[in-house]
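Summary of the model geometry
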Amino acid sequence: MNEHSRVLERDELEIAETLRSPDVDLRLPPVLPREPYPIEPLTPDARQQTRAVGQRATRSDARLHGLGQTKYIDDLSFPGMLYARIKRAGIASARIKRIDTSAAEAMPGVMAVLTGKEIPTNSFGPTFQDQPVLADPIVRHAGDGVAAVAAVTEQIANEALAKIVVEYEPLPAVLDPVAAMREDSPKVHAPNSNIYATKVVRKGDIEKGFAESDRIFEARFSTQMIEHVSLEPHAAIADWDANGRLTIWATIGRITLARADMARTLKLPMSRIRIIGTIVGGNFGGKNEISQEPALALLSKKTGRPVKGVFTRGEEFTATTTRHPIIMDYKTGVSNKGRILARQIRLVLDGGAYCSWSATTLGKACILSPGPYKIDNVVAEAFVVYTNKTMTGAMRGFGAPQVCFAYESQMDDIAKALGIDPLEIRLLNAFDEGSSSPTGQVLHSVVIKESLRKAADRFGWEPRS
Amino acid sequence: MKRRGRGIACMWYPIGFTVDANASAATVKVNEDGTATVLTGTVETGQGSLTVLGQIAAEALGIATDDVHVVSADTDTTPMDTGAIASRTTYVTGNAIWLAAEAAKAILFETAAPMLGVKVSQLEARDRKIQVKSFPQRNVSIGEVAHRSQVVLGQPAIGSASWNPPTVAMDPETGQGKPFATYVYATQIAEVDVDDETGEVEILRIAAAHDCGTAINPMLVEGQVEGGISMGVGMALQEEMLFDANGRHINPNLTNYIMPTSLDMPEIAVDIVQGYDPTGPFGAKGVGEPTAVPTAAAILNAIHDAVGVRVTSLPATAEKVLTAIKAKRAAEVKQIPA
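Just so you know, these numbers come straight off a predicted model, no measurement behind them. (Residues numbered from 1 in each chain as written. Chains lettered and ligands numbered in written order. Predicted model: local features only at pLDDT ≥ 70, side-chain atom pairs only at ≥ 80, totals over all residues.)

**Observations concerning the overall build of chain A**
Helix and strand counts for chain A stand at 13 helices and 15 strands. Taken against the 2.2 N^0.38 rule, which gives 23 Å for 465 residues, the C-alpha radius of gyration of chain A at 29 Å runs more than 25% over that of a compact globule. Here the C-alpha coordinates of chain A stretch approximately 105 × 65 × 55 Å along the principal axes. Every one of the 465 residues in chain A was classed for burial, and the buried ones make up 53%. Considering only residue pairs separated by 6 or more positions, chain A has 77% of its internal contacts joining residues 24 or more positions apart. (Helix = DSSP H or I, 4+ residues; strand = E, 2+ residues; numbered from the N terminus. Rg over C-alpha atoms; globule rule 2.2 N^0.38 Å. Buried ≥ 20, exposed ≤ 12 C-beta atoms within 10 Å, placed from the backbone. Contact = placed C-beta atoms within 7 Å.)

**Some thoughts on the sheet that holds strand E8 (residues 158–163) of chain B**
Residue and element names in this part refer to chain B. Read from one edge to the other, the open sheet built from four strands follows the order E4-E3-E2-E8, with strand pairing classed as mixed. Single-partner strands in this sheet number two, and they are strand E4 (68–72) and E8. Averaged over all pairs of adjacent strands, the angle between their axes in this sheet comes to 20°, without regard to strand direction. Note: strand E2 (residues 24–30) against E8, six bridges, orientation antiparallel. In the sheet register, Ala25 faces E8, and the bridge partner there is Ser162. The strands that helix H1 (residues 49–61) touches are E2, strand E3 (36–40) and E4; relative to E4, the one it contacts most, it runs at about 130°. (Pairing = 2+ DSSP bridges. Axes fitted to C-alpha atoms, helices over the stretch in contact; angles between N-to-C directions.)

**Structural notes on the pairing of strand E11 (residues 273–277) of chain A**
All names here are of chain A. Along E11, four of the five residues are buried, which leaves the element largely enclosed by surrounding structure. Across five bridges, strand E10 (residues 246–250) lies against E11 in parallel orientation. In the strand pairing of E11, Trp249 is matched with Ile276. At this point the chain moves from E10, through helix H7 (residues 255–266), to the parallel E11, and the crossover so formed is right-handed. (Right-handed = clockwise from strand over helix to strand, strands pointing away.)

**Here we look at the nonpolar core**
Residue and element names in this part refer to chain B. In this structure, Ala57 and Ile303 are the most contacted members of the largest nonpolar core, which totals 243 residues. Of all the elements, helix H2 (residues 89–116) adds the most residues to this core, at 13 residues. In contact with Ala57, not counting residues within four places along its chain, are Val28, Ala36, Val38, Val68, Ile97 and Ala101. (Core = buried A, V, L, I, M, F, W, Y, C linked by C-beta atoms within 7 Å.)

**Some details on the environment of Leu298 of chain A**
Residues and elements named next belong to chain A. Turning to its location among the elements, Leu298 is positioned in helix H8 (residues 293–303). Since 25 C-beta atoms lie within 10 Å of it, Leu298 is described here as buried. C-alpha separation for the pair Leu298 and Ala112, spaced 186 residues apart in sequence, amounts to 9.5 Å. Every residue in contact with Leu298, bar those within four places of it in the chain, is listed here: Leu114, Glu118 and Ile119.

**Considerations on the interface of chain B and chain A**
Between chain B and chain A, the contact holds 104 residues from the first and 99 residues from the second. Residue assignment for the side of chain B that touches chain A shows that the elements contributing at least two residues are strand E1 (2–15), H1, strand E9 (182–195), strand E10 (201–211), helix H4 (218–238), strand E11 (267–273) and helix H5 (295–307) of chain B. Counted by class, the side of chain B that touches chain A contains 50 nonpolar, 36 polar and 18 charged residues. (Nonpolar A, V, L, I, M, F, W, Y, C, P; charged D, E, K, R; others polar.)

**Here we look at the pairing of E2 of chain B**
All names here are of chain B. Summarising burial for E2: seven of the seven residues are buried, a large majority. Burial of E2 is two-sided: the residues Ser24, Ala26, Val28 and Val30 facing one way and the residues Ala25, Thr27 and Lys29 facing the other way are all buried. Relative to E3, E2 is paired through five bridges, and the arrangement is antiparallel. The residue of E3 that forms the bridge with Val30 is Ala36. A loop of five residues connects E2 with E3, the two strands running antiparallel in sequence, and Gly34 in this loop sits at a positive phi of about 90°.

**Describing the domain arrangement of chain B**
Residues and elements named next belong to chain B. Along its sequence, chain B is organised into domain 1 (2–14 + 183–334) and domain 2 (26–160). The C-alpha centroid of domain 2 is placed 40 Å from the C-alpha centroid of domain 1. Across the boundary between the two partners, domain 1 contributes 15 residues, which contact 14 residues of domain 2. Across the side of domain 1 that touches domain 2, the residue classes tally to seven nonpolar, six polar and two charged. (Domains from an automatic or database assignment.)

**Brief notes about helix H3 (residues 142–152) of chain B**
Residues and elements named next belong to chain B. All buried positions along H3 are accounted for by Ile142, Val145, Ala146, Ser149 and Gln150. In an axial view of H3, the angular spread of the buried residues amounts to 115°, which keeps them on one side of the axis. Opposite its buried face, H3 presents the exposed residues Val151 and Val152, each directed more than 90 degrees away. Buried residues in H3 make contact with E2, H2, strand E5 (123–126), strand E6 (129–132) and strand E7 (135–141). Directly after H3, the chain includes Gly154, whose backbone phi takes a positive value near 70°. (Arc of directions from axis to C-beta.)

**Remarks on the domain arrangement of chain A**
Residues and elements named next belong to chain A. Domain annotation for chain A reports domain 1 (80–170), domain 2 (177–227 + 321–459) and domain 3 (235–318). Taking only C-alpha atoms into account, the centre of domain 2 sits 36 Å from that of domain 3. With nine residues of domain 2 at the contact, the number on the domain 3 side is eight residues. Of the residues contributing to the side of domain 2 that touches domain 3, the split by class is three nonpolar, four polar and two charged.

**Topic: the sheet that holds E11 of chain B**
Residues and elements named next belong to chain B. One open sheet holds the four strands; their spatial order is E1-E9-E10-E11, and the pairing between them is mixed. Bordering the open sheet on either side are E1 and E11, each of which pairs with just one other strand. Neighbour-to-neighbour, the strand axes of the sheet open up by a mean angle of 15°, direction not taken into account.

**Description of the environment of Ile130 of chain B**
Among the secondary structure elements, Ile130 of chain B is positioned in strand E6. The spatial distance from the C-alpha of Ile130 of chain B to the C-alpha of Glu240 of chain B is 56 Å, given a sequence separation of 110 residues.

**With respect to the packing of H4 of chain B against H5 of chain B**
Packed helix pairs are characterised by how far apart their axes lie and by the angle those axes make with each other. Residues and elements named next belong to chain B. Here H4 crosses H5 at 50°, and the two axes come no closer than 7 Å. When the interaxial angle is binned, H4 and H5 end up oblique. When you trace H4 past H5, the crossing you get is right-handed. Residue-level contacts link Gly228, Ile229, Gly232, Val233, Met235, Ala236 and Leu237 of H4 to Thr295, Ala296, Ile299 and Leu300 of H5. Class assignment for the residues of the contact of H4 with H5 results in eight nonpolar, three polar and no charged. (Parallel < 35°, antiparallel > 145°, perpendicular 65-115°, else oblique. Left-handed = near helix turned anticlockwise from the far one by under 90°.)

**Notes on unusual backbone geometry**
The omega torsion of the bond from Asp136 of chain A to Pro137 of chain A falls at -5°, within 30 degrees of zero and hence cis. Mapped onto the fold, Pro137 of chain A is located in the loop between strand E3 (110–115) and strand E4 (138–139). Here Ala190 of chain A and Pro191 of chain A are connected by a cis peptide whose omega angle stands at 0°. Phi at Val229 of chain A takes a positive value of approximately 50°, unusual for a residue other than glycine. Positive phi is not limited to glycine here, since Asp127 of chain B has a value of about 50°. Relative to the assigned elements, Asp127 of chain B resides in the loop between E5 and E6. Residue classification places Asp127 of chain B among the partly exposed residues on the basis of 15 C-beta atoms within 10 Å.

Now the structure itself:
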């Protein structure tokens, strides 16, 4: 009589029964009664109105969102699909001496491992192509990927990451943007300077403006690094089919650029790449470029199976773009009546390890930094510098929330010092229709004074004596 | 004790890319029953852009929002688009869709003119009909026209177009130029309570008045403003990625990286400022990003008004506010003559 066919003793039987019950539950999950809902959507009137513009029409996707039926990447699954995970460096600045993936590759369930050397063009970026898909050989921030694994389950992929051995030669790191501007600072992208983009806006005669001012106010403001924290993390599925055509389902807000980036990194003609943007669970600027997609594509090519990758919340913080910390120096000359006569601004943006959308953020921050005010004499200089930190990039406002914090804080300090109501000093200086911006642009459809008055009415703003 | 303060902040914000081309292309197909399908390469990232784009197409064709289906985000089937970035979707993609819808409508008008016995220039599309201007009783349904156009005359009403905002490059020395086609403006006013013993800040209410040109869908504008304010609240008081001396991120999780929840949200009153931009689709500009711009500034000004301290580095955590209050008290004590 073999082990499996013998009759169980009474006391053994009881144990077996206990063990069986949860197992039974697992095999036969309870099926919830289907919630009935009307087949015909209850369409609110606004969607049926002609003169569609101006209607408070409900969103065309609202019903699916409300019923939990919207398909995000993590809801999609294909036959034979593998799960990818990326090993993160965990060191801010280093040279990779050796990567040993043999133990991971030997694991049952691991179908492929990928390192930076295998990527046809291992760089991408919307302005400068300075970011590798997987670091090779230089690691520039702790969130850099160094290897990717595709396995039959996410758990196996995670376990495989632990078996990849990476030997690093630590390099000096620079974390402070002001220190990074110095000549003798360690270079994040040696031999290039850490200052990788600058912008300047000059208007009028700044010295004359200050000379004519009754009072001069100087202050330094600084802001922090912020993550977008979209509900849905960065996620993608890559399927490299037998015809050599690549399909990517991705949480990317810009599929046209994504296809160009994929064509470049994979050295593929664009006609062989199809990018499908799924409904994205929050972007806020964080999903405006590719991230893991080339690695997933190559893992799919290696295995002949679709490969899914979903970032963890931790990766969302350390391995995706963030909002720029900015150090902002403001010097403002005003008349005793509260008119701004001259404003000099210097911005230092912490650009993180890679450019991403930093050049754009730099430009917008610099152009917007004087504020929505009629100022005849302006000098605004902005610098963005590499540091060995998570890369900074596009985030709702492109540097504008930071500079708004600075120019509006100083505006209140000026108002207080001169004894003018904060609303009044803004109305005194704000743009009018046809005002000239700091870049000399004649502005049209300007309604800032209307917005000031409307908000003040709604709030119940009364001047204090 | 809790001290109350109010703070105001206004801002300007551009729509679209800085100088660089950021075109959108679109195709509008009018079906044989007078409904329409829009093809766009932009991506719905939760903001409701596809609904707004559908409303723009519907307005141009004289049909309802529900009559339009928007197909988006597939590089094999939809035309190029610079994407959901820079608050540009309503303005740039919206203009492309508007132009494409006008092109499709022109084909319908060619068909309808002989049906109604008038010139093309005398027609308008309103209320799912193509009608003679000033004589709305002389009309034919858009479905009938679309069917005739496609099935009888063999001229399907399909229009394609692209649009790119006009800019002028900035001078590299002085930055003078026209970097953006248009800007939006906004003001937010915050009321806060600051506990001067703990430094804790509670935001009570925010009044927000935002310009977006024509509000294609006021409800979605309000949604954007409320969402933007929540990001501004996090920036003002809570959120900060922290690194150790070796450059490793020490709070990469939502336990130690504190974000505002619904409990942290103030009462918000949104006003849409009347505006019209002749360069935008039906006068619309955009609204996505600017909603998050003035919030932190308004809150920090309210803290200053409440307790008289100027916090110059964000976020204004309770620790930072309390330290500033203590420093202010210490400075005041010293000023008392001996």
